[in-house]
Each structure stands twice: as structure tokens, then as C-alpha cells.
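Fold and geometry: a report
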Amino acid sequence: MQTIKNISGNYSYVIGPYSDPVASVLPDETFIVETLDAFENKIDSPNVDITKLIELPYVNPLTGPIFIEGAEKGDTLSVTINSIELTRDYAVSALIPEFGGLCSTLFTRSLQDPLPPRVMLHPITGDEMIFSEDLAIPNIKCEPFYGTIGTAPELEAITSLSPGVHGGNMDAADVCVGNTIMLPVNVPGALLYIGDGHAAQGDAEVCGVAAEVPTKGVLTVRLFKEKTINTPRIDSKEYIMTIGSARPMEDAARIAFYELVIWLVDEFGFEKLTAYQLCSQIAKVRVANMVDILYSVVAKFPKNYLLNL
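What comes next concerns the included structure. (Residues numbered from 1 in each chain as written. Predicted model: local features only at pLDDT ≥ 70, side-chain atom pairs only at ≥ 80, totals over all residues. Heavy atoms only, no water.)

1. A word on the overall build of the protein chain
Within the protein chain one finds 3 helices and 21 strands. By the compact-globule yardstick of 19 Å for 309 residues, the protein chain fits well, its C-alpha radius of gyration being 19 Å. Classification of the 309 residues of the protein chain by burial places 53% in the buried group. Summed over all atoms, the accessible surface of the protein chain reaches about 14,300 Å², with 54% contributed by carbon and sulfur. Of the side-chain charges in the protein chain, 21 are positive and 39 negative, and the distance between the mean point of each set is 4 Å. (Helix = DSSP H or I, 4+ residues; strand = E, 2+ residues; numbered from the N terminus. Rg over C-alpha atoms; globule rule 2.2 N^0.38 Å. Buried < 20%, exposed > 50% of the residue type's maximum accessible area, 1.4 Å probe, protein only. Areas by Shrake-Rupley, 256 points an atom, 1.4 Å probe, with all protein chains shown as cover. Lys, Arg positive; Asp, Glu negative; His and termini not counted. Charge placed at Lys NZ, Arg CZ, Asp CG, Glu CD.)

2. Points about the pairing of strand 19 (residues 239-246)
A large share of strand 19 lies buried, amounting to 8 of its 8 residues. The side-chain alternation of strand 19 yields two buried faces, one formed by Tyr239, Met241, Ile243 and Ser245 and the other by Ile240, Thr242, Gly244 and Ala246. Pairing of strand 18 (residues 233-235) with strand 19, which is carried by 3 bridges, proceeds in the antiparallel orientation. What sits directly across from arginine 233, in strand 19, is threonine 242. Connecting the antiparallel pair strand 18 and strand 19 is a turn made up of 3 residues. (Pairing = 2+ DSSP bridges.)

3. Concerning the pattern of salt bridges
Within the structure shown, the criterion is met by 16 salt bridges. Where lysine 300 meets aspartate 174, a salt bridge forms, and the shortest distance between an N and an O atom there is 3.0 Å. Of this pair, lysine 300 sits in strand 21 (residues 295-302) while aspartate 174 sits in the loop between strand 14 (167-168) and strand 15 (180-184), and the two are 126 residues apart along the sequence. When its relative accessible area of 13% is taken as the criterion, lysine 300 is described as buried. Through salt bridges with shared partners, a single network forms among Asp174, Asp203, Arg286 and Lys300. (Salt bridge = Lys/Arg side-chain N within 4 Å of Asp/Glu carboxyl O.)

4. Description of helix 3 (residues 272-282)
Along helix 3, the residues classified as buried are Ala275, Cys279 and Ile282. Projected down its long axis, helix 3 shows its buried positions confined to an angular sector of 85°, all on one face. Among the exposed residues of helix 3, those oriented more than 90 degrees off its buried face are Leu273, Tyr276, Gln277, Ser280 and Gln281. Against helix 2 (249-268), strand 20 (284-289) and strand 21 lie the buried residues of helix 3. (Arc of directions from axis to C-beta. Contact = heavy atoms within 4.5 Å.)

5. Describing the sheet that holds strand 15
Picture the strands of a sheet paired through backbone hydrogen bonds; they go either parallel or antiparallel. Taken together, 9 strands build an open sheet; the order of strands is 1-4-17-6-15-18-19-21-20 and the sheet is mixed. Of all strands in the sheet, those with a lone pairing partner are strand 1 (3-4) and strand 20, marking the two edges. As judged from the 5 bridges shared by strand 20 and strand 21, these two strands associate in the antiparallel manner. The residue of strand 21 that forms the bridge with asparagine 289 is serine 296. This element, helix 2, spans strand 15, strand 18, strand 19, strand 20 and strand 21 of the sheet and lies at about 145° to strand 19. (Axes fitted to C-alpha atoms, helices over the stretch in contact; angles between N-to-C directions.)

6. Thoughts on the packing of helix 2 against helix 3
With their axes 9 Å apart at the nearest point, helix 2 and helix 3 run at an angle of 125° to one another. As the angle between them shows, helix 2 and helix 3 are arranged oblique. In terms of crossing hand, the pair formed by helix 2 and helix 3 is right-handed. Residues Phe257, Leu260, Val261, Leu264 and Val265 of helix 2 form the contact with helix 3, whose participating residues are Lys272, Ala275, Tyr276 and Cys279. (Parallel < 35°, antiparallel > 145°, perpendicular 65-115°, else oblique. Left-handed = near helix turned anticlockwise from the far one by under 90°.)

7. Topic: helix 2
Here helix 2 spans 28 Å end to end across 20 residues, near enough to the 28 Å set by a 1.5 Å rise per residue. Among the residues of helix 2, those classed as buried are Ala252, Ala256, Glu259, Leu260, Val261, Ile262, Trp263, Leu264 and Phe268. Of the surrounding elements, those touching the buried residues of helix 2 are strand 15, strand 18, strand 19, helix 3 and strand 21. Immediately downstream of helix 2, the backbone of glycine 269 shows phi near 80°, a positive value. (Expected span 1.5 Å × (residues − 1).)

8. Observations regarding the side chain of serine 12
When you line up the elements, serine 12 lands in the loop between strand 1 and strand 2 (14-15). Exposure remark for serine 12: the relative accessible area of 7% places this residue in the buried category. Of note is the side chain of serine 12, whose polar atom sits 2.8 Å from the backbone oxygen of glycine 64. Residues in contact with serine 12, not counting those within four places in the same chain, are Asn60, Pro61, Leu62, Gly64, Pro65, Ser160 and Tyr193. (Polar contact = N/O pair within 3.5 Å; in protein donor to acceptor, adjacent residues only side chain to side chain.)

9. Comments concerning the packing of aromatic side chains
Working definition: an aromatic ring pair is given by the centre-to-centre distance plus the angle between the planes. What the rule picks out here adds up to 4 aromatic pairs. Plain terms: the ring middles of tyrosine 11 and tyrosine 13 are 6.3 Å apart, the flat faces sit at 85° to each other, and that makes the pair edge-to-face. When its relative accessible area of 17% is taken as the criterion, tyrosine 13 is described as buried. Look at phenylalanine 270 and phenylalanine 301: their rings are 6.1 Å apart centre to centre, the planes differ by 70°, and that puts the pair in the edge-to-face class. Of this pair, phenylalanine 270 sits in the loop between helix 2 and helix 3 while phenylalanine 301 is found in strand 21, placing the two residues 31 residues apart along the sequence. The pair phenylalanine 270 / phenylalanine 301 is uniform in exposure class, with both members buried. (Phe/Tyr/Trp six-rings, centres within 6.5 Å; stacked < 30°, edge-to-face > 60°.)

Below is the structure:
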């Protein structure tokens, strides 16, 4: 089983079609991917000045691009996450001036002073993370996932900080162990990028930073020839899911629900307006992020309501 590493000096800070692949895999191949945390594994103390340690936009380094043999424009790439190992015994979270859901940012301007920078280290023991040893609260269960996964757009090179129709920095906690993520193929080889491992994250990632960790994941890729999707999809044991990324947030939700209805029509035999009405009764929504360049919303349809075709 080959291991694909994130090599120092060869980090990917964009998802695009212009970089040479770091590795090549075959459809149905299972392989290992190693990722750094969002801060290049540089933070080892709560006393560091994060504004001096990181240099925007050079954060969120991704492993990739990974070339998928035989992938062509119009195909769909599926990535099943078999396992994610946390390769460090602590996670990092932070407050970053002019970044986050409840402060002035480059996209949401106000006259208040930026929040002060702050770094926290969260010890990890087994499958639990300690938020703070100074607070009498329960530990947080580690539920690892990838904040960023995507395939190259046909023309653009998009920052690893942004989500979009290609996937990218969606920060959707459903990109986790046991689930399969489906991504559109826009260029030969698909060019898969992955990173931004999280030990845990609340919905919306409200302060802009989750529990950031390096990881070692075991993935399996498959290729669906001449099957085209517009936006990322996720298949889990309980739900089929679609992800929309946009600003304002209601447009992200519209994209997610539109794609969910279309999926129900095209593959599960529903009439369009019936699917629309049924979603209004049983669908669920996760606000994946409210902090990135575009917001991401996940629409979920319970599998026990799918038609038996």
C-alpha cells in the first residue's frame, strides 16, 4: 500500500490544475495519505504569537495533487475514508485577528478593533480531547475528519482556504471515517487534494479554527465514468448528503437542497416536486462553516425514506 506524504517545501496552498501530481493511484486502489495541520505543524506552545508564526494566505497546506488514472472530465470521483489516525497527542485551536464568525473580517467590515490573537493546545488521550485543564467540563470526543478535500477546477486555482463546487475547504464534519465523498472530475486525472485534519469541530466552526491536527488516513478511490455531478456529495450509513458553498448562507443552502432534490429524482425515482415537498418534512441541515471565503451548508436526506427501486 503506497503512502503519499505532504513533503516540506512542496505544500499545496491552492486547488488547481497547474501543479505536477505528487503521486498517482488507480481506481479501486486503497492508499495512505499523510497530512499536516492547518498551521504546518508549527505550533507547539500556547505562548506563540500566531500572527508572527503564520503568513496568510500560506495556511492550510494540502497533500496533492493526486492523479487518478483514467479519470476524465465528466466523471465522478468517490473517496471512501476507511480510517483517520491522529498523529500527534494534542490539537491546536486559535483566535486569529480579523478571522472568524463573530468579528470584523476582510469580507465583513466593521470599525471594532480586531480580536486579540490567542492559541490553545488541547491534549488528546485515547479518543478524547481535553479542551482546558482549567475548566471542570467533560472531555470532547475525538471525531476525526478532513476539513478540506477537493478536485481541481478546469481553469481556476482556488485557495485552500475556500470551498466551492470543487469541494475544498468545506469544513463539513461528515467528511469522516466510514463515509464516501463524491467529487466532480473537471480535468484529466481529477487531481485530488486533501488536508486540514480536525480532531473535533462544532457545527459552523464559529471562531474559524477547529481542533487542528496532523493525520494519517487510509482512503479508497473509485471512478464513475461519464457520471457528472455539479457539487460534492456524501454517502453515509444513514444519509445521502449534498453540499452547497456560497455567500450569503441562504444561497449555500439553496445549492445544497437543489442538488439533493436533483439526486433524488435522477437516481432514486422521485418526482421533482414530490422530492421537494418531502425534503421539507424530513431533511436535515448542517451548517458546516460560517467563516470561510464562502459558507458551506450540508443538506441530508435519511436513507430509510428512499424508494425501494
